[in-house]
Amino acid sequence: MAQLGGTPILILREGTEQSKGRDARDRNIMAIQAVSEAVKSTLGPRGLDKMLVDSLGDITVTNDGATILDNLDVQHPGAKMAVAISKTQDSLVGDGTTSSVIIAGQLLTVASELMHQGIHPTVISRGFNLAGKHARAILKNEIAEKIDPNTDTDTLKKIAVTTMNSKGISGNKVFFSDLAVKAFSKVRQEKDNMGQVSNIVIVKKKGKSIQESQIVNGIILEKEATHQMMPKVVHNPKIALVSQSFEIKKTEFSSDLRISDPNDIQAFLDQEDSILKHFAEKLQEIGANVVVNQKGIDDAVSHYLNQNGILAIKSVTKSDLEKLRKAVGGHINENIDGLTAADLGTCELVEFKKIAGDDLCFFSGCADPKAVSVLLRAGVNQGLDEAQRTLHDALCVIASIYDRSAIVGGGGAVEMELSQRLLNLASKQSGKEQIAIETYARALEIIPITLAENAGLDPIDIIAELRGAHAKPGNEFMGLDIYQGKVVDNRKAGIIEPIANIDQILKSSTELAVMILRIDDMIKSKSGGGGGMPGGMPPGMM
Ligand SMILES: Nc1ncnc2c1ncn2[C@@H]1O[C@H](COP(=O)(O)OP(=O)(O)O)[C@@H](O)[C@H]1O
Ligand SMILES: [Mg+2]
């Protein structure tokens with residue numbers, strides 16, 4: 001509140017809450033630490049699962065950091081920022097969500113200690129920024145090992161297995177890594193491979209086991225034919241892709257039609273009939289024997305299509321139709337009058353199958369599909385959802401390797417190597433920033449520490465051993481293998497990760513920590529909704 005000649009000037013609406021300086025910062029730090037604590041126990045292969053129950057009572061069992069944070073009804077603004085970085089992490093690399101939040105939490109913990117020692121937050125945030133930049137440069141130029149994803153399928157599978165180690169489908173990792181590598185190899189491109197992950201459509205159906213899952217060299221639509229008598233199988237189909245309603249438009253307002261001459265009634269019906277018939281005739285004329293329509297198909301049109309031996313599917317979503325086009329080729333037409341034989345797509349086989357009680361239409365044997373479906377099977381519904389998240393993560397890490405073809409060691413290896421190299425770098429600097437870089441370096445140890453803790457190993461012993469190993473050159477891949485319960489060469493053990501993952505973890509966690517440290521004033525308007533000022537952490541978070 002400012003004063004002007006003794007009169008206070010109010011610049012904020014009455015009821016606005018404001019916390020300043022240390023108070024604002026401490027509250028944000030506490031909130032992020034709370035989020036970090038909430039996900040810590042899920043990190044790594046021995047991480048525990050969380051059972052999330054939403055307001056409708058639906059249950060999700062997962063240890064996927066992104067899913068957990070997505071489901072937490074977080075209200076504190078600082079905590080919301082932590083959730084936001086994990087979402088960014090998820091959308092950019094599809095993995096590393098838990099790690100990014102844990103590192104951010106640890107950076108802020110050590111920053112608090114430095115502030116207590118009297119170092120100004122601006123100095124710390126500058127030091128962290130610098131350390132983060134150095135870390136990413138060291139990662140790229142000194143630590144990462146280049147690979148060729150086009151020939152090194154073995155390494156691709158290991159990367160996929162490593163990401164799946166921390167998921168609940170342990171028994172099927174090898175099967176899934178194989179599936180993910182094969183599925184992705186069909187849609188991969190020169191660049192923007194992360195963008196291609198959405199061209200792998202996962203169709204979930206209950207089954208006996210995950211091993212029944214399969215890749216279709218084309219697309220599955222969860223649809224049935226519009227007429228019972230239509231063919232169930234079409235070999236070498238000529239497929240018309242249409243986004244034009246095969247119905248006669250009804251007027252939007254009620255209207256009367258007065259017909260005085262009985263002959264006119266017939267003429268009117270004939271007219272309507274010929275419009276409907278036209279759809280089927282046109283398709284037959286250009287040689288189509290399958291039509292997939294984004295819009296509706298009138299029963300009468302279905303009847304004529306059936307008479308002409310054409311298989312029809314209606315009400316397909318725009319995105320499914322687009323994926324189908326990527327698989328079978330051809331063009332999507334808004335008006336079939338302009339349709340020609342050149343617009344038709346094809347594949348080896350269109351076939352209906354009943355799976356888990358549902359009708360599915362398989363378009364398979366596509367020559368060069370740019371989109372494919374994976375039919376995912378698993379015992380129970382919950383298993384299916386977690387299997388889908390797992391497969392999605394595996395696809396993401398494989399895609400990211402095609403975009404940036406280099407790997408680093410998992411199980412804390414890369415964090416320890418970075419930590420060691422940053423410490424060397426700090427020793428050549430001077431002043432308070434040196435301390436900040438050193439602190440940043442030590443903060444990275446939180447990953448192996450947490451992995452060890454979650455596995456019931458002694459973190460002090462493990463860290464001592466890792467420090468010793470990484471002090472020597474040529475040990476970049478020395479990390480923890482939880483399955484062997486000790487420090488090993490994780491290049492040999494096959495615990496490896498894409499560079500894009502750790503790179504983004506460093507970027508997002510540093511950004512979050514720096515952002516929080518720079519905030520010294522928090523103003524919250526009364527009508528802002530959602531729980532009061534920090535102090536009052538959302539109930540689930542404490
Ligand atoms: N066999 C293993 N031994 C030790 N650490 C492993 C092993 N497999 C994976 N990890 C590590 O687990 C961590 C990832 O755990 P996860 O729960 O998936 O968190 P995130 O959301 O950060 O990906 C990574 O540091 C990874 O290297
Ligand atoms: Mg992971």
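Just so you know, these numbers come straight off a predicted model, no measurement behind them.

Q: Help me understand the overall build of the protein in this model?
A: Helices and strands together make up the secondary structure of the protein, namely 17 helices and 22 strands. With 542 residues in all, the protein has 50% of them scored as buried. Of the contacts made within the protein by residues no fewer than 6 positions apart, 76% connect residues no fewer than 24 positions apart. Summing over all exposed atoms, the protein offers an accessible surface of approximately 25200 Å²; the carbon and sulfur share of this is 49%. The average position of the 60 basic charges and that of the 68 acidic charges among the side chains of the protein differ by 4 Å.

Q: I'm lost on the nonpolar core in this one. Help?
A: In a soluble, globular protein the nonpolar side chains are often hidden away together inside. Judged by nonpolar contacts, the single largest core of 68 residues is most densely connected at Phe-128, Leu-418 and Tyr-440. No other element matches the ten residues that helix H4 (residues 97-116) contributes to this core. For Tyr-440, the residues in contact, after removing those within four places along its chain, are Leu-107, Phe-128, Ala-131, Gly-132, Ala-135, Leu-422, Leu-506 and Thr-510. In this structure, Leu-241, Phe-279, Leu-305 and Phe-352 belong to the second largest nonpolar core, which totals 43 residues.

Q: Teacher, can you tell me more about the site of ligand 1 here?
A: As a matter of local geometry, ligand 1 sits amid 22 residues, with Asp-95, Ser-99, Ser-166, Gly-411 and Glu-497 nearest to it. The side chain of Asp-95 places a nitrogen or oxygen atom 2.7 Å from an oxygen atom of ligand 1. Leu-480 is positioned with one of its backbone polar atoms (N or O) 3.3 Å from a nitrogen atom of ligand 1. Summarising the interface, the protein chains cover 96% of the accessible area of ligand 1, which totals 580 Å² for the free molecule. At the level of elements, H4, helix H6 (153-165), helix H14 (446-454) and strand S19 (478-481) are the ones that each hand at least two residues to the shell around ligand 1. With three residues, H4 is the single largest residue contributor to the shell around ligand 1.

Q: Where do I start with the packing of helix H3 (residues 77-93) against H4 in this structure?
A: The relative placement of two packed helices comes down to the angle between their axes together with the axis-to-axis distance. Closest axis-to-axis distance for the H3/H4 pair is 8 Å, and the angle between their directions is 145°. Crossing angle aside, the handedness with which H3 passes H4 is right-handed. Only Thr-97, Ser-100, Val-101 and Ala-104 of H4 make contact with H3, whose side of the interface consists of Ala-82, Ile-85, Ser-86, Gln-89 and Asp-90. Split into classes, the residues belonging to the contact of H3 with H4 amount to four nonpolar, four polar and one charged.

Q: Help me understand a nonpolar patch on the surface in this model?
A: A grouping of Leu-257, Ile-259, Ile-265, Phe-268 and Leu-269 is seen on the molecular surface, where their side chains present a nonpolar patch of about 430 Å² in accessible area. Position of Leu-269 relative to the elements: it lies in helix H8 (residues 262-285). The exposure class assigned to Leu-269 is partly exposed, which follows from its relative accessible area of 42%.

Q: It is not clear to me how the packing of aromatic side chains should be interpreted in this structure. Could you clarify?
A: For any two aromatic rings, the description comes down to two numbers: the centre-to-centre distance and the angle of the planes. Counting across every chain of the model gives four aromatic pairs. Ring geometry for Phe-246 versus Phe-279: centroids 4.5 Å apart, planes at 20°, classification stacked. Taken together, the residues span a long stretch of sequence, with Phe-246 in the loop between strand S11 (239-242) and H8 and Phe-279 in helix H8 at a distance of 33 residues. The residue whose ring lies beneath Lys-353 is Phe-362, and the NZ or CZ to ring-centre distance is 4.4 Å.

Q: Would you explain the pattern of salt bridges in this entry?
A: A side chain of one charge can pair with a side chain of the opposite charge when the charged atoms of the two come close. If you walk through the whole model with that rule in mind, you get 23 salt bridges. Close ionic contact of Arg-126 with Glu-433 constitutes a salt bridge, the shortest N to O distance being 2.9 Å. With Arg-126 in helix H5 (residues 121-143) and Glu-433 in helix H13 (residues 432-443), this residue pair connects regions lying 307 residues apart in the sequence. The class for Glu-433 is partly exposed, based on a relative accessible area of 21%. Residues Glu-222 and Lys-205 are paired through a salt bridge, measuring 2.9 Å at the closest nitrogen-oxygen approach. Here Glu-222 is found in the loop between strand S9 (219-221) and strand S10 (233-235), whereas its partner Lys-205 is found in strand S7 (residues 200-206), with 17 residues between them in sequence. Owing to a relative accessible area of 45%, Glu-222 belongs among the partly exposed residues under this scheme. In this structure Lys-205 comes out as buried when scored by relative accessible area, which is 8%.

So, how was this worked out
Within each chain, residue numbers correspond to sequence positions counted from 1 in written order. Naming scheme: in the order in which they are written, chains are lettered from A and ligands are numbered from 1. The predicted origin of the model limits local features to residues at a pLDDT of at least 70 and limits the giving and counting of side-chain atom pairs to 80 or more, whereas totals for whole chains, interfaces and linings rest on all residues. Excluded from the side-chain calculations are hydrogens and water; all other atoms, namely the structure's heavy atoms, are used. Only runs of H or I of at least four residues qualify as helices and only runs of E of at least two qualify as strands under DSSP, and these elements are numbered from the N terminus. Here's how the labels work: a residue is buried when its accessible area is under 20% of the maximum for its type, exposed when over 50%, partly exposed in between, all with a 1.4 Å probe on protein chains only. Contact between two residues is taken to exist if any of their heavy atoms lie within 4.5 Å; hydrogens are not considered. The accessible surface values rely on the Shrake-Rupley method and a 1.4 Å probe; as for residues, cover is taken only from the protein chains in view. Charge assignment in this entry is limited to Lys and Arg as positive and Asp and Glu as negative, and neither His nor the chain termini are counted. Charged side chains are reduced to one point each, which is NZ for Lys, CZ for Arg, CG for Asp and CD for Glu. Residues enter a nonpolar core if they are buried and are Ala, Val, Leu, Ile, Met, Phe, Trp, Tyr or Cys, with the set joined through side-chain atoms within 4.5 Å. When we say a residue is near a molecule or strand, we mean one of its heavy atoms is within 4 Å of it. Under the rule applied, a polar contact is a pair of N or O atoms within 3.5 Å (in protein, one hydrogen donor and one hydrogen acceptor; residues adjacent in sequence only if both atoms are side-chain atoms). Axis definition: a line fitted to C-alpha atoms, limited for helices to the stretch in contact. Angles are taken between N-to-C directions and run from 0 to 180 degrees. Rotating anticlockwise by less than a right angle from the far helix to the near helix defines a left-handed crossing, while the corresponding clockwise rotation defines a right-handed one. Throughout this entry, Asp, Glu, Lys and Arg are counted as charged residues, while Ala, Val, Leu, Ile, Met, Phe, Trp, Tyr, Cys and Pro are counted as nonpolar. The remaining residues, Gly among them, count as polar. A patch consists of residues exposed above 30% relative accessible area that lack any salt bridge, with like charges linked at up to 9 Å and nonpolar side chains (Val, Leu, Ile, Met, Phe, Trp, Tyr) linked at up to 5 Å. Any carboxyl oxygen of Asp or Glu that lies within 4 Å of a side-chain nitrogen of Lys or Arg is treated as forming a salt bridge with it. A pair of aromatic rings is counted whenever rings of Phe, Tyr or Trp (Trp by its six-membered ring) have centres within 6.5 Å, and the orientation is called stacked for planes under 30 degrees apart, edge-to-face for over 60 and tilted otherwise. Whether a charge lies above a ring is judged from NZ of Lys or CZ of Arg, which has to be within 6 Å of the ring centre and within 35 degrees of the ring normal.

Worth remembering: the numbers are spatial, not functional.
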